[in-house]
Amino acid sequence: MKRQVRIFVGGRELDLFNDENIEVNSTIQNIQDISKTFTDFSQSFTVPTSPNNNAIFQHFYQNDTDATINYQERIPAYIEVDMATFRTGKVQMEKSQLKNGQSDNYTVTFYGELTSLKDLFGEDLLSDLDYTTLNHDYNFTEVYNRITTNTTDFDVCYPLISSNRLWEYSTINPFGNLPFWLQPPASGNDIHQISGRIQYKELFPALRVKSIITAISQRYGMTFTGPFLNDPRFTQAYIWYKNKDVIQTISESQDLTFQSIVSSTNNLVNLTQYVDITNSSISIQYIPDVFVHDIEFTPLTASTSAHYYVDVFRNGTFFSTLDGTSFTMLNNYFSSQNALGLNDVFEFKVRADNTNNVKFRIRYSVLQVGNVVDEVKINTNTITITNKINLALCAPVMKVADFFSGILKEFNMTCYATSLNTFQMMPLQNWYSSGAVIDITKYTDKNEIGIERVKLYNKIAFKYQQSNSFMNKFYYDTWNKEYGNTEYQYPYDGGEFTVEVPFENLMFNKFTGSNLQVGFALDSSYSPYIPKPCIMYKYGLVNVTDHIYYGNGGAHVSNHNYMMFGQDLKVNGINYSLNFSPDTSTFSLQAINDSMFATYYFSYLANLYALKNRLTTVKTVLPISLLTGLKLNDRLIIRDKRYIINEMKSNLVSGETTFTLLNDFLPVNPQVFIRPPRVENVIVTPIVFPTGVIRPSRVIVVRFRSATADVIIDPPELEQEDMITITLPAVLGNEERIIENTDDRITEDGANRETEGTNEYITVYADFEFENGDELTQEIIISR
C-alpha cells in the first residue's frame, strides 16, 4: 500500500512527484567500518519546480535573483510518513533541471542530524572555541595549586611534562638510552634540588575532554547527553594543550569600548555621524571627493612593561592587529581606500601579555591627496587587562570535527540525535543494551531471505599517532611496536582494518625507586618538539618521599604531592588504561588488562566474530508506528533468532524496509559486574535506561535497592540517565560485615579472614518502571 510521504523544509511542505521514490539508509556502526558512526541519509530525489517549491527554494535555477538562501548550506527539514514524524535533519539543494527552456525539477538530498553536526563544525579549529570560563589567572600560585592539590577537581591542570630539558630526580635519570655526553649536571636539571626547580612557565596546560565537549556545545548551540559523560573513565581524560615550544601568555581579548567624542571638524563632511558610541564602532562609507580613510590609535594610558595588541575587526571578521608597549606604538594605524560601494563597520578588541590598564584616543580622518580634510577624535574607556592564560593560543592545531570523531573512536561511542540540537553520546555496548527487543516475524517476507557469511577482516589494528618522544622511540626500538598500540590476527581471507585515533599516546617515565612519574616532549635528540594532541588520564594526587622543587623566577617552594598524569586510571579500585593493548603500566609496572580495546571494543567484536554469526538480509513491510519508532539499537526477533541491525533501507513510499542483520549473542538485559579490590568501599557506575524489552517504551523512573544491610545508594532513584554511587558497609576494627554468598552467608572481620574458594558478592537491584506499565529489574553485582 502506497504511503503518504511529506517533506518539510524550513517549516514549509514540499510538493512531490506522484511517482517519486524516497529511500532512506540508516546505520550506526557498519561491519565494513567499525570505527565510524553513520547517520540517516537519502538517495537524492527530485521535486517539481511548482510555485510552492519555487518559493521555498527561491528559484535556484535563476542566478540573477536576489535569493536570501545560501545554497551552500543545508536547510532544516523533517520527513513525515502517514502524518508521523520519521526523521529530522537537513536538506541540501543539489541541482535544477530545465526542459525545453522551462524549469522542471529540483534535486535535493536529505541528511540526518549527525551529518548536520559535522556541517556545523566545518573547518573550525579547537583554537576557535570560547575558553572564557576556563581561562584563569596565570601566575605561580595558580599553576602550583593545579599541580599539588586535589581539593578542587580542576578542568585545567598542568601535567609534569618537560618541553625544554631533561629532568632528573635525586640524580636519577629518566628511562632510556641516554648518551654519556648528554648526562646533565645534577644541580642544573635535578628537580629535587633548588637549582633544578621546575619553573612554572615550563609547563603547558591540559584540558578535561568533557570541558572541550562543553565548549563545542556552547559554540554550536547544542546539548550532549549520556551518563558516560559523567563516568570517571571519561571525565578524567585530558588533552594536553601545547602547540609551541614556549608557552604564550597573551590574555584573551576584551572589547575596546568608546567613552566619548572629544573633538571633530566638518570642512567637507561631519564624521561624527559615522561613530557609534553605544556599540563602540566606526562606519567607513564612500564619501565623494575623498581619497583615503585613516584610523589611528594613540595610547593615553598603558603599562610601561606589558606589550598590548589592538585587534581590528571589519564587519565582524578579523582584519588586522595594531600593537605597542607603554606609550609607543610602532604599528598604530590602518587605511581604507575610498571606493564606490564602500560600507564597512570596524570594531576593536584589546589584549596584552601581562596585567595592564590601557586607554586610547582614536582618530578617524579622511584625506584628499595627502591632506587631512576632516577628522573626529574618540576617547576609549580604560580597559583593565588581567594576566590570564589564553587557552585558545595553546590549543593544538586540530579541527573540531577531527577531535570529536577521535573521541568517539577512542571510547567506541555512538552519537545520535534524540531531539533538535540534542545528541546522545554513549559507548556502543551500553547503547545496544538500552535497545528494545521487537518481534518482526509477521512483517517479514519469508519467501526471500538471504544468508551469507560475515566477511571479516584478517587483521584489526588499534593505533595512536606515532610519537616522536624519546621514551616512545626507546620503547619501539626495544619491543618493535608502538607503545599502547595493538593488533589482532584472524585466519580469514579478509583484508586489514585499522582503527586510528588522531591523538598521541605520550609514554611517561617513572623514576626508579620513587612514585614520581613525568613526561618528556623531547625527541630522540633530546630537543623540544611539538607533539600531536596528547590524550592522558589524570590519575590523582600522588605522594613522593623526596620533595619536588618548583620555581617562580628566583623564588622557590617544595612539595611532596603532585597530580599524576599518564595512561593509568583507577576507578572502583580497578586499574584502567588508555592503551589499546594490555601493556605494562609505566607507573605500577604491571600489565593492565582493562585496556581501551578490552573495555570498549571487545564485546562488540566478540559477537561479530562468533563462529555462528551470519549476515542475514530480509525484506519487511513495517507498520507506521514501528517504522517511525524503530531505533538502530533495537534487537529484532525473526522466528526463533535474535538480531542486531547492521543496515536498514526504507522506501518511504512503498513501505518496504530491507534489513541486513547480524546474529545477536549478547545478553538482552546484561548484569553489570564490578570486581573492585576488597579494600574499595565506594563504587560509581553509570545507569543506562533500556528502551523496554519486547515492547518499546520510555523509562519514567528507576529505583535502587539491595538485600545487604548498610548498603547506601546515592541517589536512591533516577528519572534520567546518570551515575550512581554505591557505598558498601565499612570495615572498621573488629566490626563484622555480612556479605551475600552463593552457598551460604559468611562473616568477615577486620583481620580480613575469608573462606578459600567462596564467591562473595553484593547485589544492587535496579528496578525500572516504563510509561506503558512494564517493569524490568537489572542486577549490579559487586564481586569480591
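So, here is what we can say about the structure in this document. What you see is a predicted model; the values in this text were computed from it and never measured. (Residues numbered from 1 in each chain as written. Predicted model: local features only at pLDDT ≥ 70, side-chain atom pairs only at ≥ 80, totals over all residues. Heavy atoms only, no water.)

This brings us to the overall build of the protein chain. Along the backbone of the protein chain there are 12 helices and 54 strands. Across its three principal directions, the C-alpha atoms of the protein chain cover 100 × 85 × 50 Å. A buried classification covers 53% of the 784 residues belonging to the protein chain. When contacts within the protein chain are restricted to residue pairs at least 6 apart in sequence, those whose partners lie at least 24 apart make up 70%. Accessible surface computed for the protein chain: about 34,500 Å², of which carbon and sulfur atoms make up 47%. (Helix = DSSP H or I, 4+ residues; strand = E, 2+ residues; numbered from the N terminus. Buried < 20%, exposed > 50% of the residue type's maximum accessible area, 1.4 Å probe, protein only. Contact = heavy atoms within 4.5 Å. Areas by Shrake-Rupley, 256 points an atom, 1.4 Å probe, with all protein chains shown as cover.)

This part covers helix H11 (residues 596-608). Across its 13 residues, H11 extends 18 Å between first and last C-alpha, which sits within 8% of the 18 Å expected from 1.5 Å per residue. Residue phenylalanine 602 marks the point of greatest curvature in H11, where the axis turns by about 55°. For H11, the complete set of buried residues consists of Met596, Phe597, Thr599, Tyr600, Tyr601, Tyr604, Leu605, Asn607 and Leu608. (Expected span 1.5 Å × (residues − 1). Bend = angle between axes of the 7 residues up to and from the residue.)

Once that is clear, we can look at the pairing of strand S54 (residues 775-783). Inspection of the sheet shows strand S45 (residues 672-674) paired to S54 by three bridges, in the parallel sense. Bridging across to S54, isoleucine 674 finds its partner in isoleucine 782. In this antiparallel pair of consecutive strands, strand S53 (residues 760-770) and S54, the connection spans four residues, and glycine 773 shows a positive phi of 95°. (Pairing = 2+ DSSP bridges.)

With that out of the way, let us pick up the packing of helix H5 (residues 209-220) against helix H8 (residues 400-410). Close contact between H5 and H8 brings their axes to 12 Å; oriented N to C, the two are set at 130°. Put simply, H5 runs oblique to H8. Of the two possible hands of crossing, H5 and H8 adopt the one that is left-handed. Of the residues in H8, those touching H5 at Val209, Ile212, Ile213, Ile216 and Tyr220 are Val400, Phe403, Phe404 and Ile407. Tallied by class, residues from the contact of H5 with H8 come to nine nonpolar, no polar and no charged. (Axes fitted to C-alpha atoms, helices over the stretch in contact; angles between N-to-C directions. Parallel < 35°, antiparallel > 145°, perpendicular 65-115°, else oblique. Left-handed = near helix turned anticlockwise from the far one by under 90°. Nonpolar A, V, L, I, M, F, W, Y, C, P; charged D, E, K, R; others polar.)

Okay, the packing of aromatic side chains next. Going through the model one piece at a time under the given rule, you end up with 46 aromatic pairs. Where phenylalanine 224 meets phenylalanine 423, the ring centres are 6.1 Å apart and the plane angle is 35°; that geometry is what we call tilted. Highlighted residues: phenylalanine 224 in strand S13 (residues 223-225) and phenylalanine 423 in strand S29 (residues 422-427), separated in sequence by 199 residues. Each member of the pair, phenylalanine 224 as well as phenylalanine 423, is classed as buried. (Phe/Tyr/Trp six-rings, centres within 6.5 Å; stacked < 30°, edge-to-face > 60°.)

When you line up the elements, valine 702 lands in strand S47 (residues 699-706). When its relative accessible area of 0% is taken as the criterion, valine 702 is described as buried. Separated by 13 residues in sequence, valine 702 and phenylalanine 689 have C-alpha atoms that sit 8.4 Å apart. Those residues within four positions of valine 702 in sequence are excluded, and the remaining contacts are Ile687, Phe689, Pro716, Glu717, Leu718, Ala766, Asp767 and Phe768.

Moving on to the pattern of salt bridges. In total, this model carries 27 salt bridges according to the counting rule given. A salt bridge links aspartate 124 to arginine 219, with the nearest nitrogen and oxygen atoms 3.4 Å apart. Of this pair, aspartate 124 sits in the loop between helix H2 (113-121) and helix H3 (140-148) while arginine 219 sits in helix H5, and the two are 95 residues apart along the sequence. Residue aspartate 640 pairs with lysine 641 through a salt bridge whose shortest N-O separation is 3.9 Å. Judged by its relative accessible area of 67%, aspartate 640 falls in the exposed class. In this structure lysine 641 comes out as partly exposed when scored by relative accessible area, which is 43%. Each of Asp153, Asp155, Arg208 and Lys538 takes part in one network of salt bridges that share partners. (Salt bridge = Lys/Arg side-chain N within 4 Å of Asp/Glu carboxyl O.)

Another aspect to go through is the sheet that holds S29. Across the sheet, three strands lie side by side as S13-S29-S28; this open sheet has mixed pairing. In the strand order of this sheet, the two ends are held by S13 and strand S28 (413-419), each with one partner. The mean angle between the axes of side-by-side strands here comes to 30°, regardless of whether they run parallel or antiparallel. One ladder, built from three bridges, connects S13 with S29; its direction is parallel.

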